[in-house]
Amino acid sequence: MLGLRGVDSKALESILDRADALLPVVRDGVALPDPPRSAVIGLLFLENSTRTRCSFEVATRRLGHQPIVLTGRGSSLDKGESLVDTAANLAAMGLDALVIRSAIAGGADLVARTIGIPVVNAGDGRHEHPTQALLDVSTLRARLGSLAGKRVLIVGDILNSRVARSNIHALMALGAIVVLVGPPPLLPWTFAELGPGVEVAHDLDGVLGSADAVMMLRIQLERDAGRAVASDYRFAFGLTAERLERLRPDVPILHPGPMNRGVEIDDAAAADIARSSILEQVTRGVAVRMAIIDRALEFPAS
Ligand code: CP
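Keep in mind that this is a model prediction, so the values were computed, not measured.

Trainee: Where do I start with the sheet that holds strand β4 (residues 119-124) in this structure?
Mentor: Two strands in a sheet stick together by hydrogen bonds in their backbones, pointing the same way (parallel) or opposite ways (antiparallel). Taken in spatial order, the four strands make up an open sheet running β2-β1-β3-β4, and their pairing is parallel. If you trace the sheet from one side to the other, it starts and ends with β2 (66-71) and β4, each paired once. Strand-to-strand twist of the sheet, defined as the mean angle between neighbouring strand axes without regard to direction, takes the value 15°. Here four bridges tie strand β3 (residues 97-102) to β4, and the two strands are oriented parallel to one another. Counterpart to L98 in the pairing with β4 is V119. Contacting β1 (40-45), β2 and β3, helix α3 (residues 83-92) crosses the sheet at an angle of about 155° to β3. Here helix α4 (residues 107-114) sits on the sheet in contact with β3 and β4, set at roughly 160° to β4.

Trainee: Looking at this structure, I do not really get helix α1 (residues 9-28). What am I missing?
Mentor: In an α-helix, one turn spans 3.6 residues, which is why side chains three or four residues apart end up on the same side. If you check α1, its first and last C-alpha atoms are 29 Å apart, about what 20 residues at 1.5 Å a residue would give, namely 28 Å. When the local axis directions of α1 are compared, the greatest deviation, roughly 40°, occurs at L22, which is followed within four positions by the proline P24. For α1, the complete set of buried residues consists of L12, I15, L16, A19, L22, L23, V25 and V26. Here the buried face of α1 lies against α2 (51-62), α5 (130-144), α6 (162-173) and α11 (278-298). Just past α1, the residue G29 takes up positive phi, approximately 70°.

Trainee: Would you mind going over the site of the ligand with me for this structure?
Mentor: Close to the ligand lie N48, S49, T50, R51, T52, R101, H129, Q132, P256 and G257, which account for all nearby residues. Between the ligand and R101, the relevant distance is 2.9 Å, taken from an oxygen atom to a side-chain nitrogen or oxygen of the residue. Take G257: an N or O atom from its main chain is 3.4 Å from a nitrogen atom of the ligand. Domain assignment of the residues forming the shell around the ligand places at least three in each of domain 1 (9-128 + 282-298) and domain 2 (130-281).

Criteria and cut-off values
Residues numbered from 1 in each chain as written. Predicted model: local features only at pLDDT ≥ 70, side-chain atom pairs only at ≥ 80, totals over all residues. Heavy atoms only, no water. Pairing = 2+ DSSP bridges. Helix = DSSP H or I, 4+ residues; strand = E, 2+ residues; numbered from the N terminus. Axes fitted to C-alpha atoms, helices over the stretch in contact; angles between N-to-C directions. Contact = heavy atoms within 4.5 Å. Expected span 1.5 Å × (residues − 1). Bend = angle between axes of the 7 residues up to and from the residue. Buried < 20%, exposed > 50% of the residue type's maximum accessible area, 1.4 Å probe, protein only. Near = heavy atom within 4 Å. Polar contact = N/O pair within 3.5 Å; in protein donor to acceptor, adjacent residues only side chain to side chain. Domains from an automatic or database assignment.

Okay, here's the thing in structure tokens:
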């Protein structure tokens with residue numbers, strides 16, 4: 001699971017259906033009917049993470065497997081060891097699969113070509129974050145049913161967002177219309193060239209009323225996006241209490257986290273009981289990652 005580009009709706013729905021079946025294990029502590037052989041799953045996290053890292057760890061444990069976590073700080077990466085050498089050494093210890101987050105776009109793919117165990121991309125630079133997009137579409141499916149023809153607004157720092165890229169692929173495959181919204185420096189028109197299922201808008205208020213779902217994105221200051229936005233960002237692109245009033249009452253609000261409250265999303269939107277699906281995303285993330293780990297372990301080492 002390195003990315004969602006080119007993954008068809010059948011493959012996506014098979015993972016989403018498996019995640020739905022696993023959801024009671026996450027939500028209600030229901031025991032797995034048939035615990036699998038215990039595997040050791042490496043979690044190599046070289047960028048900061050709260051949700052993805054803990055979610056993969058919980059998913060691993062819920063499946064009856066053992067996680068081993070390695071972060072950049074305190075590892076020999078600090079001494080200059082490369083990502084590929086680090087991963088190869090972990091694989092040589094007999095791990096069954098490796099989950100990788102790194103700042104290098106294509107990093108997980110590079111490792112997957114080098115080591116003989118399944119690799120899962122937990123976010124690679126600005127490139128892709130496939131398990132995040134899967135948990136997003138799992139949440140949207142639970143709220144909206146079929147996504148065919150549904151207008152999903154993705155708002156904010158599209159340029160730097162691996163979440164947006166993976167969601168564009170997943171949502172297009174499932175027949176949704178993706179409306180990318182943001183200031184021109186963070187949303188070049190070239191995104192419109194992705195295909196007929198993708199629209200680009202620079203005026204949030206002009207498209208808000210047409211939304212079937214809204215996904216707010218964080219300004220990625222760690223990727224220098226702060227230089228591209230004006231101080232009135234919240235007034236132009238934030239999901240403020242005023243905009244909440246103009247959003248249909250059944251429109252789910254998503255955010256991958258971490259949230260910059262008072263910038264891209266106001267407290268009122270994050271806490272909106274009927275519409276905020278932000279913690280539901282997190283819960284579904286564990287089930288999706290359980291399904292992904294299950295799937296990864298089905299592939300024999302090459
Ligand atoms: N959504 C997400 O990737 O969050 P973390 O960076 O906390 O893992």
